[in-house]
Amino acid sequence: MATALTYTSTGAKAAATTKLDKQVFEVMPSNHTLLKEAYVAYLGNGRLSLATTKTRGEVSGGGKKPWRQKGTGRARFGSSRNPIWRGGGIVFGPTGNENYTKHVNVKAKRLALRQALSLAADEKRIVVLEDLKVKDAKTSALAGLLAKVGATRSTLLVVEAKTDELLRASRNLQNVKLVNGRYLNVYDLLNADTIVVTKAALEQVVAWLGDTAKGGEQ
């Protein structure tokens, strides 16, 4: 059974490790196709269509024919905004209306989350906190606690609820991302060097993704 190192709210190592639910943390992927699809879908769904170009009809100028049709020895052209001329319009360029979103159904998305969590558990990247209390919502207090549990690099901090105190304490920590246990995604799970999860949030995740026999896929 998969286990995770467990720490108290002060950062001291707990007497026993936490056993992780096998339905959520022991679902190793046979290949990484589904993980890749969920990862790419997350990036695509957050992508903005900002790039735009102008067609020959939108570029200003070019109303006058560059030279007469015949007799010059040069190829005929009707406008200096022809796409093959410098300063001309762009053919098949982005219009700003592109749709980069990708759909992954709920069943596949939750399976991908289980696989990502299982990889993290297998790589010993999951750390459990018995409780998370940040005195006076101080950033230094949270940073000190994370350092004690070994979360010094890119950290995903999973909590049951994002309180005002936790938001204030974590917002200036560049390597820390605070997330609710019900809003995990494959992108964050795969990119985090350490996943710090409170016991309450762990129970929330297991209730959400575990026990498929009772409708966990719905």
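Quantities reported herein were computed from a predicted structural model and do not represent experimental measurements.

Criteria and cut-off values
- Residues numbered from 1 in each chain as written.
- Predicted model: local features only at pLDDT ≥ 70, side-chain atom pairs only at ≥ 80, totals over all residues.
- Heavy atoms only, no water.
- Helix = DSSP H or I, 4+ residues; strand = E, 2+ residues; numbered from the N terminus.
- Rg over C-alpha atoms; globule rule 2.2 N^0.38 Å.
- pLDDT = per-residue confidence, 0-100.
- Contact = heavy atoms within 4.5 Å.
- Buried < 20%, exposed > 50% of the residue type's maximum accessible area, 1.4 Å probe, protein only.
- Core = buried A, V, L, I, M, F, W, Y, C linked by side-chain atoms within 4.5 Å.
- Pairing = 2+ DSSP bridges.
- Axes fitted to C-alpha atoms, helices over the stretch in contact; angles between N-to-C directions.
- Parallel < 35°, antiparallel > 145°, perpendicular 65-115°, else oblique.
- Left-handed = near helix turned anticlockwise from the far one by under 90°.
- Nonpolar A, V, L, I, M, F, W, Y, C, P; charged D, E, K, R; others polar.
- Expected span 1.5 Å × (residues − 1).
- Polar contact = N/O pair within 3.5 Å; in protein donor to acceptor, adjacent residues only side chain to side chain.

A. Focus on the overall build of the protein. Check the secondary structure of the protein and you find seven helices and six strands. Along the protein, helices (α) and strands (β) appear in the sequence β-β-α-α-α-β-α-β-α-β-α-β-α when read from the amino end. A compact globule built from 218 residues would reach a C-alpha radius of gyration of about 17 Å, whereas the protein, at 27 Å, exceeds it by more than 25%. Across its three principal axes, the protein shows a C-alpha extent of roughly 95 × 45 × 25 Å.

B. Local environment of the confidence of the model for the protein. Here the protein averages 93 in pLDDT, and 96% of its residues register 70 or above. Across residues 213-218, confidence stays below pLDDT 50; counting only partners more than four residues off in sequence or on other chains, it has eleven contacts.

C. The environment of G88, seen in detail. Secondary-structure assignment places G88 in the loop between α2 (33-45) and α3 (106-122). The class of G88 is buried, set by a relative accessible area of 14%. Sequence-wise, G88 and R171 are 83 residues apart; in three dimensions their C-alpha atoms are separated by 46 Å. Here G88 is in contact with V59, S80, R81 and N82, once residues within four sequence places are set aside.

D. Quick peek at the nonpolar core. Within the largest apolar cluster, 34 residues are counted, with the highest numbers of intra-cluster contacts made by I126 and L184. Of all the elements in the fold, those that place two or more residues in this core are α1 (22-25), α2, α3, β3 (126-129), β4 (155-159), α6 (186-191), β6 (194-198) and α7 (199-209). Among the elements that make up this core, the one with the highest residue count is α3 (eight residues). Not counting the four nearest positions on each side in its chain, L184 is found in contact with L113, L117, L156, V158, V179, L189, V205 and W208. L145, A151, L157 and L178 belong to the second-largest nonpolar core, a separate cluster that totals 18 residues.

E. Region of interest: the sheet that holds β3. The six strands lie next to each other as β2-β1-β3-β6-β4-β5, forming an open sheet whose pairing is mixed. Both edges of this open sheet fall to β2 (18-19) and β5 (176-180), since each of them pairs with a single strand only. With four bridges connecting them, β4 and β6 associate as parallel partners. Within β6, the position partnered with V158 by the bridge is V197.

F. Here's a closer look at the side chain of Q115. Summarising the element assignment, Q115 is placed in helix α3. On the accessibility criterion, Q115 (8% relative accessible area) is buried. Apart from residues lying up to four places away in sequence, Q115 is in contact with V27, P29, L34 and L35.

G. Region of interest: the packing of α3 against α7. Two elements in contact, α3 and α7, have axes separated by 11 Å at closest approach and are oriented at 140°. Taken together, the axes of α3 and α7 lie oblique to each other. Where α3 crosses over α7, the two elements pack in a sense that is left-handed. Of the residues in α7, those in contact with R110, L113, R114 and L117 of α3 are V205, W208 and L209. Of the residues contributing to the contact of α3 with α7, the split by class is five nonpolar, no polar and two charged.

H. Molecular detail of α3. In a regular helix each residue adds 1.5 Å, so 17 residues correspond to 24 Å; α3 covers 24 Å between its end C-alpha atoms and thus fits that length. For α3, the set of buried residues is A108, R110, A112, L113, R114, Q115, A116, L117, S118, L119, A120 and A121. Here the buried face of α3 lies against α1, α2, β3, α6, β6 and α7. Residue K124 follows α3 closely and has a positive phi angle near 60°.

I. Structural view of the environment of D21. Here D21 lies in the loop between β2 and α1. Measuring from C-alpha to C-alpha, the distance between D21 and N180 comes to 19 Å, with 159 residues separating the pair along the chain. In contact with D21, other than residues within four places in its own chain, are E26 and V206. Here the side chain of D21 touches Q23 through a polar contact of 2.7 Å, landing on its backbone nitrogen.

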